[in-house]
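# Coordinates in review
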Amino acid sequence: MLADPVRRELYRFVAAQGRDVGRNEAAEAIGVQRTLAAFHLDKLVEAGLLEADFRRLNDRTGPGSGRPAKVYRRGGPERMVSLPPRDYRTLALVLAEVVDQLDGDEQAEKAARRTGERLAAASHETGLMDVLVGRGYEPYEEEGRIRLRNCPFHVLAETHPVLVCSMNLAMCEGMLRGLGEDRIAAALDPRPGECCVAFIAKDVPE
Amino acid sequence: MHLAQLNVAHLVAPIDAPELADFVAALEPIYAVSDSAPGFVWRMMESDDPTEVITHEYGDDLLVNVSVWESREALWNFVYRSAHLEILRRRREWFARTAVPYTLMWWVPEGHTPTLGEAMERLALIRAQGPGPEAFTFKEFYEPGSSTPSPSIAGVPH
């Protein structure tokens with residue numbers, strides 16, 4: 001499905017916007033004809049990777065405001081490809097339940113912090129943004145903060161939110177340490193539909 | 001139908017003890033978030049002072065919260081997708097560990113204001129029988145009128 005480079009670029013572009021995207025905008029961003037973009041966008045909808053909707057892209061309403069335009073956004077369900085078949089999700093679910101039963105949040109957070117530190121130290125990337133991109137967080141900047149559009153642990157964050165979000169925060173703190181980045185702090189700043197962690201520049205003493 | 005919610009917590013020290021200072025300081029900003037959250041309907045209050053906790057006859061160390069929401073999503077987004085999550089992350093500093101259920105939900109007709117007695121009866125029910133249509137949790141959630149829990153996002157049956 002994503003073997004076609006135009007299709008892959010279109011998927012990446014729409015997913016990265018975090019909002020509804022029209023055909024014209026997507027075509028212009030990728031640098032292809034509108035009809036070609038429309039063809040591939042609809043193929044992505046058929047495959048369930050994108051969702052489509054009809055919406056007016058301007059503020060005009062009533063007669064003369066034109067037909068609603070077809071818009072696209074990333075589809076909700078996640079896709080996993082594993083060859084040969086592996087099922088880490090069910091195992092993670094079982095382990096999360098055990099941590100809850102043992103009241104092992106604190107140990108889990110420590111282990112996550114160590115893991116984050118090792119991941120960042122071993123990464124060939126040296127900047128926080130690049131490491132976050134590489135780990136699938138889909139970072140973006142807003143009002144001086146780095147926010148994360150995607151939660152890489154989404155299903156577990158739904159079944160065990162306090163444990164998983166606390167571990168994710170600890171892992172992000174570990175990544176900062178692994179990068180030797182002491183000018184930035186990680187904090188919980190959750191929002192519906194996004195990752196729970198945000199990165200904020202520390203106050204620099206004058 | 002609206003979704004009513006009760007949670008109880010056993011405090012590790014009296015509410016005015018220094019150990020609880022951070023928690024008490026967080027009450028006003030967190031209630032500001034809940035009261036302006038999309039889908040918030042009502043919450044039980046002792047007075048207009050947000051630091052004044054609800055008094056009751058179930059023991060001095062027991063902190064209770066009762067509130068009503070328009071939907072599961074509205075309550076979920078407040079509990080886990082707002083500044084409230086940080087309170088949950090730090091809960092071990094302020095609340096005693098417990099092996100029995102300490103939070104539950106149930107459906108109420110729109111306009112109904114649950115009493116604490118009603119909420120505590122549901123708590124006794126879930127502690128005795130586990131989650132069911134009359135008292136349930138996010139993990140084992142029941143839609144109104146349903147006798148079976150909603151399917152889990154993780155694809156593993158309850």
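Just so it is clear, the structure is predicted and the values come from calculations on it, not from any experiment.

This paragraph deals with the overall build of chain B. When helices and strands are tallied, chain B shows five helices and four strands. Walking chain B from its N terminus toward its C terminus, one meets helices and strands in the order β-α-β-β-α-α-α-β-α. Over its C-alpha trace chain B gives a radius of gyration of 16 Å, about what one expects of a compact globule, namely 15 Å for 158 residues. Each of the three principal axes of chain B carries a C-alpha extent, and together these read 45 × 30 × 30 Å. Here chain B holds 158 residues, and the buried ones make up 19% of them. Expressed as a percentage of contacts within chain B between residues at least 6 apart in sequence, the contacts between residues at least 24 apart total 70%.

Along the backbone of chain A there are eight helices and seven strands. Its C-alpha atoms give chain A principal-axis dimensions of about 60 × 55 × 35 Å. In chain A, 57% of the contacts between residues at least 6 apart in sequence involve partners at least 24 apart.

Working definition: the strands of a sheet are paired by backbone hydrogen bonds and lie parallel or antiparallel to each other. All names here are of chain A. Taken together, four strands build an open sheet; the order of strands is S4-S5-S7-S6 and the sheet is antiparallel. Every other strand in the sheet has two partners, leaving strand S4 (139–142) and strand S6 (184–188) as the edge strands with one partner each. When strand polarity is set aside, the average angle formed by the axes of neighbouring strands in this sheet is 30°. Note that S4 and strand S5 (residues 145–148) share four bridges and pair antiparallel. Within the sheet, the bridge partner assigned to Glu 141 lies in S5 and is Ile 146. Strand contacts of helix H8 (residues 161–179): S6 and strand S7 (197–201), with the helix running at about 180° to S6, the strand carrying the most contacts.

What follows deals with the interface of chain A and chain B. At the junction of the two partners, chain A supplies 16 residues and chain B supplies 14 residues. At the level of secondary structure, the elements contributing two or more residues to the side of chain A that touches chain B comprise helix H4 (88–102), helix H7 (154–159) and H8 of chain A. Among the elements that make up the side of chain A that touches chain B, the one with the highest residue count is H8(A) (four residues). Of the residues belonging to the side of chain A that touches chain B, the class tally is nine nonpolar, three polar and four charged.

Bringing the packing of helix H5 (residues 105–122) of chain A against H8(A) into the picture now. Helix-helix packing is described using two parameters, namely the angle between the two axes and the distance between the axes. Residue and element names in this part refer to chain A. For the pair H5 and H8, interaxial distance at closest approach is 6 Å and the crossing angle is 35°. Crossing geometry of H5 relative to H8 is assigned as right-handed. Taken together, the residues that form the contact of H5 with H8 break down as 12 nonpolar, five polar and eight charged.

Okay, the packing of helix H2 (residues 23–30) of chain A against helix H3 (residues 34–46) of chain A next. Residue and element names in this part refer to chain A. Remark: H2 packs on H3, axes separated minimally by 9 Å, with the N-to-C direction vectors making an angle of 105°. One way to sum up the angle between H2 and H3 is to call them roughly perpendicular. Contacts from Arg 23, Asn 24, Ala 26, Ala 27 and Ile 30 in H2 reach Arg 34, Ala 37, Ala 38 and Leu 41 in H3. Split by residue class, the contact of H2 with H3 holds six nonpolar, one polar and two charged.

Below, the discussion takes up helix H2 (residues 72–80) of chain B. It helps to recall that an α-helix has 3.6 residues per turn; residues three or four apart then point in one direction. Buried within H2(B) are the following residues: B:Leu75, B:Asn77, B:Phe78, B:Val79 and B:Tyr80. Looking at the buried side of H2(B), the elements it contacts are H8 of chain A together with strand S1 (2–10), helix H1 (21–35), strand S3 (62–69) and helix H3 (84–89) of chain B.

Moving on, we come to the UniProt feature "domain: DUF3291" (unreviewed entry) in chain B. As annotated by UniProt and renumbered to match this structure, "domain: DUF3291" (unreviewed entry) occupies residues 3–140 of chain B. Spanning residues 3–140 of chain B, this segment combines 35% helix with 19% strand, and its end C-alpha atoms are found 14 Å apart.

Residues and elements named next belong to chain A. Mapped onto the elements of the fold, Ala 92 is located in helix H4. The class of Ala 92 is partly exposed, set by 17 C-beta atoms lying within 10 Å. Distance from Ala 92 to Phe 153, taken between C-alpha atoms, is 10.0 Å for residues 61 residues apart in sequence.

Turning to the nonpolar core, a few remarks are in order. The biggest cluster of nonpolar side chains holds 51 residues, and the ones touching the most others in it are A:Leu169, A:Val197 and B:Leu104. If you tally residues by element for this core, the top one is H8(A), at 11 residues. With residues up to four places along the chain from it excluded, the contact list for B:Leu104 reads B:Leu6, B:Arg122, B:Leu123, B:Ile126, B:Ala135, B:Phe136 and B:Thr137. Counting 13 residues, the second largest nonpolar core, distinct from the first, contains A:Tyr11, A:Val21, A:Ala37 and A:Leu44.

Scoring rules and cut-offs
Residues numbered from 1 in each chain as written. Chains lettered and ligands numbered in written order. Predicted model: local features only at pLDDT ≥ 70, side-chain atom pairs only at ≥ 80, totals over all residues. Helix = DSSP H or I, 4+ residues; strand = E, 2+ residues; numbered from the N terminus. Rg over C-alpha atoms; globule rule 2.2 N^0.38 Å. Buried ≥ 20, exposed ≤ 12 C-beta atoms within 10 Å, placed from the backbone. Contact = placed C-beta atoms within 7 Å. Pairing = 2+ DSSP bridges. Axes fitted to C-alpha atoms, helices over the stretch in contact; angles between N-to-C directions. Nonpolar A, V, L, I, M, F, W, Y, C, P; charged D, E, K, R; others polar. Left-handed = near helix turned anticlockwise from the far one by under 90°. Parallel < 35°, antiparallel > 145°, perpendicular 65-115°, else oblique. UniProt positions renumbered as here; feature names shortened; annotations may be inferred. Core = buried A, V, L, I, M, F, W, Y, C linked by C-beta atoms within 7 Å.

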